[in-house]
Amino acid sequence: MQEELARVILFTITMSVIAVVCILPLGIPLAWILARGNWRGKALVETLVSLPLVLPPVAVGLILLKLLGRRGPLGRFFESLGIEVAFTWKAVVVASAVMAFPLLVRTARTSFENVDLRLESLARTLGKGPWGVFWSVSLPLASRGILAATLLAFARALGEFGATMMVAGNIQGETSTLSLSIYHLIQLGEDSQAWTLCGISIGIAFLAVLASELLNQKARARET
Amino acid sequence: MEKRFKSHKKWILLCAVWFLAMHTVRPAEIRVSAAASLKNALNEVAEVYQGRSGHRLILNFDSSGTLARQIQEGAPVDVFVSADAAKMDFLSEKNLILRSTRRDILGNQLAIVVAGDCAAVIQTPADLAASGIRKVAVGQPQAVPAGIYARAYLEGLGLWDRVSKKILPCENVRSVLAAVEAGHADAGIVYVTDALISKKVRTAVVVGVEQGPRIVYPAAVTKASGCRREAEDFVGFLQGADARRIFRKFGFAVLSD
Amino acid sequence: MKLEFQKICLPLRDFSLQLDSVLEGPSIALCGPSGAGKTSLLELIAGLRQPGGGTLIFNGTVFSREKKVLIPPEHRRFGYCPQENLLFPHLNVRQNILFGVRGPEPAGLGELCQGLEIGPLMARYPATLSGGEKQRVSLARALVRGPQLLLLDEPFASLDDATKANSVRLLKRTVERLSLPFICVTHSEPLALELCVTRVDLNRGRMLS
């Protein structure tokens, strides 16, 4: 039983880490672009990015299932490559990634907004193009806030339930995450085990969010 | 003195009428938690009963495991109809049902279904273990009766070890059906009554009554029920001729006491 | 140095910058009351602001025409020293100065730093520097890339008299040694006289020479 518990925890953490690693390359630059300037279609992009945050997770899960299921457009494409996505660990990663994405972008965006625009302009006069500015000025100055955003996204990915349930199912040994296991144990009437997992969930999430908040505090202190 | 007596009499009369009205004419609300596989049949039975008795039925369909759990947690339920005896026994042990009202009302059979457009061929249960079948949808084999029955059946045939590696566990038997309909699984194990309802799946194998596990649907009134008499009346109706006709129409086996 | 403004127009908050003239000479002082648009003009020259219309030509090369920016700021090779110095807080002095330099250290770095008397500050961080030191580091940073024009925005505004005198001396020495044309925004009359050959006044977006 302890073994099973440890396996589920390790699995959930691994999937969350992979999910966050996947959304970083897209999310951080996007957060910077959204933090800078106004351009046509910006409001639309902002809305699309924020959708998974406000939609019911099961709704997001349903949409993902429609896309990635065997008969869905993306599902069929992956099948042709011999890759199964729905109801495998890959679906767990996708669901967690989608649900954590808006949190990552919104939090990182705030950090970028707190970077002095004038420093970025100055860097342009010193020969850096827009992406050079991103790498040499914006990213380093916003680094604490970005790390905080990453931790927050990790905590969100860790706790993801509704979307994961829909698109990955709760298959023992394959897609069973911490939150799905808690649900399953409750269904079986194994309350004490469920509470154990619940406690572990709270513990991990608490640490991740605490670290995130402390980093944010340090980032704010540096500005003043 | 006489005037006062007359006004008192008026109030007493009104109270009496009100009291009687409350206890004879008032229609009851009977809350029924029933196994997911009973959905279509019980809806029809409920319509007939409501028209007949004037009572209102509030039906909640889900996996019997989930429903039993809800009752255990204190959900306001009057009648529980389970898809297996185990869930009813569970509640009985915890003293949550009125044992004297428990009746076995229906039977069922398992069926193996495949999606309507599925290329794979399943003629015997052993075909489920074939490599061409990538995923088999069943109810959660630990908590959902349909899944428990499916597991027992496959274990009996010595197929469970191979098939369990590719199962897609579902929350209740109707979601098993949906999974096969949507193509998320190549095949699924449901009740014969579910296969009959769906137009999008083909029944590949019907598990005969002798070959499969014994499937029994018990019904009982809960201890916490606020309308015991009406609830018992409904359970009795489920065993009546009209209800039986409807159940048979949907493919259920009717058990006589 | 020849900077031509042809019907340049830049909308600002209360009025528009409208320029249709030529700035020529080795050193130009840009004077005027506060709010006249001097900083905005400098930003426009540096390429940090796009004009709403008109053409900007520097030494015969078209830098922008109408709303099309033909040469973005990173390719203009102008040194820009903003009013607040704006040293990168996450880099030390040496890294700040070499920020825009790609490849190996340029040969003139040592001489430049000596000339501005900031040699001993190389390993320190901007937060630990005095006003005058920051200003000279900002200058070194702008000059190390060998720009063709230097843009200074109120370079000595926040310094005390003694520091200011010293900084002016070092600046003069350095730009003379490099033969570097520069445009200096200042509201101080004596500074304009001491530092620059030509003087241009800006008022509510319009230039008067």
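The structure displayed is predicted, hence computed values, not measured ones.

Reading the values: the criteria
Residues numbered from 1 in each chain as written. Chains lettered and ligands numbered in written order. Predicted model: local features only at pLDDT ≥ 70, side-chain atom pairs only at ≥ 80, totals over all residues. Heavy atoms only, no water. Helix = DSSP H or I, 4+ residues; strand = E, 2+ residues; numbered from the N terminus. Rg over C-alpha atoms; globule rule 2.2 N^0.38 Å. Buried < 20%, exposed > 50% of the residue type's maximum accessible area, 1.4 Å probe, protein only. Contact = heavy atoms within 4.5 Å. Lys, Arg positive; Asp, Glu negative; His and termini not counted. Charge placed at Lys NZ, Arg CZ, Asp CG, Glu CD. pLDDT = per-residue confidence, 0-100. Buried area = accessible area lost by both parts, 1.4 Å probe. Salt bridge = Lys/Arg side-chain N within 4 Å of Asp/Glu carboxyl O. Polar contact = N/O pair within 3.5 Å; in protein donor to acceptor, adjacent residues only side chain to side chain. Nonpolar A, V, L, I, M, F, W, Y, C, P; charged D, E, K, R; others polar. Axes fitted to C-alpha atoms, helices over the stretch in contact; angles between N-to-C directions. Parallel < 35°, antiparallel > 145°, perpendicular 65-115°, else oblique. Left-handed = near helix turned anticlockwise from the far one by under 90°. Phe/Tyr/Trp six-rings, centres within 6.5 Å; stacked < 30°, edge-to-face > 60°. Lys NZ or Arg CZ within 6 Å of the ring centre and 35° of its normal. Pairing = 2+ DSSP bridges.

S.K.: Let's hear about the overall build of chain B: which residues, and what values?
M.R.: Counting its regular elements, chain B contains 10 helices and 11 strands. Radius of gyration (C-alpha) of chain B: 23 Å, far over the 18 Å computed for a compact globule of 257 residues. Viewed in the frame of its principal axes, chain B has a C-alpha envelope of about 95 × 35 × 30 Å. Counting only residues that meet the buried cut, chain B has 51% of its 257 residues in that class. Relative to all contacts within chain B whose residues are 6 or more apart in sequence, the contacts with residues 24 or more apart total 77%. Separation between the mean location of the 34 positive side-chain charges and that of the 25 negative ones in chain B comes to 7 Å.

S.K.: Any details on the environment of G35 of chain C? Residues and values, ideally.
M.R.: Note on placement: G35 of chain C falls in the loop between β4 (27-31) and α1 (38-46). Spatially, the C-alpha atoms of G35 of chain C and S179 of chain C are 31 Å apart, while their sequence positions differ by 144 residues.

S.K.: Could you give an account of the confidence of the model for chain C, naming the residues involved and the relevant values?
M.R.: Detailed reading of the predicted coordinates is not advisable wherever pLDDT falls low. On average, chain C scores 88 in pLDDT, and the residues at 70 or more come to 100%. As a predicted assembly, this complex carries a pTM of 0.81 together with an ipTM value of 0.89.

S.K.: Could you give an account of the interface of chain C and chain A, naming the residues involved and the relevant values?
M.R.: The partner chain A presents 17 residues to the 21 residues of chain C that form the contact. With both sides pooled, the region where chain C packs onto chain A buries about 1,600 Å², and carbon together with sulfur makes up 69% of that total. On the surface where chain C and chain A come into contact, there are two salt bridges. Among the salt bridges present, the one from R124 of chain A reaches E74 of chain C, with a minimum N-O distance of 2.8 Å. One can count five residue pairs in polar contact (both at pLDDT 80 or more) joining chain C with chain A. At the level of secondary structure, the elements contributing two or more residues to the side of chain C that touches chain A comprise β8 (78-81) and α4 (131-143) of chain C. Considering only residue class, the side of chain C that touches chain A consists of 13 nonpolar, three polar and five charged.

S.K.: I'd like a description of unusual backbone geometry, backed by residues and values.
M.R.: Phi is positive for F87 of chain A, which is not a glycine, with a value near 65°. One can find F87 of chain A in the loop between α4 (73-80) and α5 (89-113). For F87 of chain A, a relative accessible area of 8% gives the class buried. Although it is not a glycine, E154 of chain C adopts a positive phi angle of roughly 45°. Mapped onto the fold, E154 of chain C is located in the loop between β9 (149-153) and α5 (161-178).

S.K.: Outline the interface of chain A and chain B, listing residues and values.
M.R.: Opposite the 19 residues of chain A that make contact, chain B presents 21 residues. Buried surface at the junction of chain A and chain B, summed over both partners, amounts to about 1,700 Å²; 42% is from carbon and sulfur atoms. Area buried by chain A at its contact with chain B is led by R70, R71 and Q187 of chain A, which between them contribute 39% of it. Remark: the boundary between chain A and chain B carries five salt bridges. Measuring nitrogen to oxygen at the nearest pair gives 2.8 Å for the salt bridge that ties D186 of chain B to R70 of chain A. At the boundary of chain A and chain B, one finds 12 residue pairs in polar contact (both at pLDDT 80 or more).

S.K.: Account for the packing of helix α2 (residues 39-53) of chain B against helix α9 (residues 228-238) of chain B, naming residues and giving values.
M.R.: All names here are of chain B. Between α2 and α9, the least distance of the axes is 11 Å, while the angle of their chain directions is 125°. Classified by the angle between their axes, α2 and α9 sit oblique to one another. Along this stretch, α2 crosses α9, giving a crossing that reads as right-handed. Listed contacts from α9 to L42, V45, V48, Y49 and R52 of α2 are E230, D233, F234, F237 and L238.

S.K.: Just give me the short version of the packing of aromatic side chains, but keep the residues and values in it.
M.R.: By the definition in use, this model includes 17 aromatic pairs over all chains. Taking 6.1 Å as the distance between ring centres and 55° as the angle between the ring planes, the aromatic pair formed by Y191 of chain B and Y217 of chain B counts as tilted. Here Y217 of chain B lies in strand β10 (residues 215-221) and Y191 of chain B lies in strand β8 (residues 187-191), a separation of 26 residues in the sequence. In terms of burial, Y191 of chain B and Y217 of chain B fall into one category: buried. Ring-pair connections join several aromatic residues into one group, and the members of that group are W32, F112, W131, F134 and W135 of chain A. Seen from the ring of F99 of chain C, K128 of chain A lies directly overhead, with NZ or CZ sitting 4.9 Å from the centre. Positioned above the aromatic ring of F88 of chain C is the side chain of R141 of chain C, whose terminal nitrogen or guanidinium carbon lies 4.9 Å from the ring centre.

S.K.: Any details on the sheet that holds strand β12 (residues 206-208) of chain C? Residues and values, ideally.
M.R.: Residue and element names in this part refer to chain C. Pairing is mixed in the open sheet, where six strands are placed in the order β8-β9-β10-β4-β11-β12. Looking at strand neighbours, the two that pair on one side only are β8 and β12, the edges of this open sheet. Across this sheet, the average inter-strand angle for adjacent strands is 20°, counted without regard to direction. Across four bridges, the pairing between β4 and strand β10 (residues 182-185) is parallel.

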